[in-house]
Amino acid sequence: MPAPIILFTYNRPAHTGRALRSLASADGAERSDLVIFSDGAREDGPDAKLVAEVRDLCRSAKGFGSVSLVEREGNMGLAANIIDGVGSVMRERGRAIVLEDDLEVSAFFLRYMNAALNYYENRGVFSVAGYSPDIEMPRDYSASTYMMHRNCSWGWATWRAEWEKVDWDVATFDAFIRDGRSRRAFNECGDDLSPMLLRWKTGEIRSWSIRFCYAGFTCHEPTVYPRKSLVRNTGADGSGTNMRATDRYDAPLAANVGLRDFAQGVAPDPRITAQFRKFYDTSAIRRVINTLKRWKYIATGR
């Protein structure tokens, strides 16, 4: 039976409409249950009308085995909405495919995600990614998937057993931020990771994803990625609250991924890891700023 699809929405009707049409066109959508969590409008903002438009679109969604809409009464924010929503579906169904309203998917997306969930369950994998950055792969690398110690929040999936390993309070943070070896290991796939975790700790961001990523790191379990991306992020147009306009993350949608050629082990290929780090590493100026922020936190606790 296909995994349920969870879609998180807020106040972008145009993006939500594209996401729903894209998902409904994916192979297997007609056999998949869709659960939509619609966040409520902020009390002090002008979003009520847009949220209502989004909910009208969601109520009329077709092409799925079933559609359920959960309308949040107030504004939870993305992180809290995802943690609560994914947790509730996981407890009932044991696995899920998760998307946000600014994502479009390949027609092959659901086939790949379900196949990967079936294949990699209980094999030491923390989550399944649908998006993959457009990086150069080694010429002699033949598998259709690869492992990386960095999660993906743009079209992803996991199992209840892995989701329940996450400590959303990150109780080990203070020891981690003072441990250079641990920070370097966490930053293996991009030196933006430990600064993001620090920004969450100090309240600068509310990200669920960086905490999920850290949990995979502490469990020594990677995320499995498709060789070519099956997801396009349409929110990099400046319309969202968490991303400025950029074409950096553009990647062509793959028509398919070899379902019989999955990577067998869980050890990342160091050549692909190097490409990942190059793609996500920050500038020299940003690294200096991040170092100063870390020193400040260690000295003051904030």
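Read on for an overview of the structure. (Residues numbered from 1 in each chain as written. Predicted model: local features only at pLDDT ≥ 70, side-chain atom pairs only at ≥ 80, totals over all residues. Heavy atoms only, no water.)

### A look at the overall build of the chain
To keep things clear, this is the line we draw: Numbering of helices and strands runs from the N terminus; a helix is a DSSP stretch of H or I covering at least four residues, while a strand is a stretch of E covering at least two. For a compact globule the rule gives 2.2 Å times the number of residues to the power 0.38, and the radius of gyration it is set against comes from C-alpha atoms. Each residue's exposure class comes from its accessible area (1.4 Å probe, protein chains only) as a fraction of the maximum for that residue type: buried when under 20%, exposed when over 50%, partly exposed otherwise. Whether two residues are in contact is decided by their heavy atoms: any pair within 4.5 Å suffices. Surface accessibility in these figures is a Shrake-Rupley result with a 1.4 Å probe; residues are shielded only by whichever protein chains are displayed.
Across its full length, the chain carries 11 helices and 10 strands. Relative to the globule expectation of 19 Å for 302 residues, the C-alpha radius of gyration of the chain, 19 Å, shows essentially globular dimensions. Within the chain, the proportion of its 302 residues that are buried is 53%. For the chain, the proportion of contacts with a sequence separation of at least 24, taken over those separated by at least 6, is 83%. As displayed, the chain has an accessible area near 14,300 Å², and 48% of this comes from carbon and sulfur atoms.

### With respect to unusual backbone geometry
One non-glycine residue, Asn122, lies in the positive phi region at around 65 degrees. By secondary structure assignment, the location of Asn122 is in the loop between helix H4 (109–120) and strand S6 (127–129). Look at His220: it is not a glycine, yet its phi comes out positive at around 60 degrees. Tracing the sequence through the fold places His220 in the loop between helix H9 (209–218) and strand S9 (223–226). On the basis of relative accessibility, which here comes to 65%, the residue His220 falls in the exposed class.

### Topic: the pairing of strand S7 (residues 145–148)
For clarity, the threshold we go by: For two strands to pair, DSSP has to find at least two bridges joining them.
Of the two faces of S7, the one carrying Thr145 and Met147 and the one carrying Tyr146 and Met148 are both buried. Here S7 pairs with S9 via 4 bridges, running antiparallel. Each bridged residue has a counterpart across the sheet, and for Met147 the counterpart in S9 is Val224.

### Some thoughts on the sheet that holds strand S1 (residues 5–9)
The test is simple: Orientation is described by lines fitted to C-alpha atoms, with helices fitted over the stretch in contact, and by angles between N-to-C directions that extend from 0 to 180 degrees.
Strands sit in the order S3-S2-S1-S4-S8-S6-S9-S7 across an open sheet of 8 strands; the sheet is mixed. With partners counted over all chains shown, the strands left at the sheet margins are strand S3 (66–71) and S7, one partner each. Across the sheet, the mean angle separating the axes of adjacent strands is 25 degrees when strand polarity is ignored. Relative to S9, S6 runs parallel, the two being bridged by 2 bridges. Looking at S9, one finds that Val128 is bridged to Val224.

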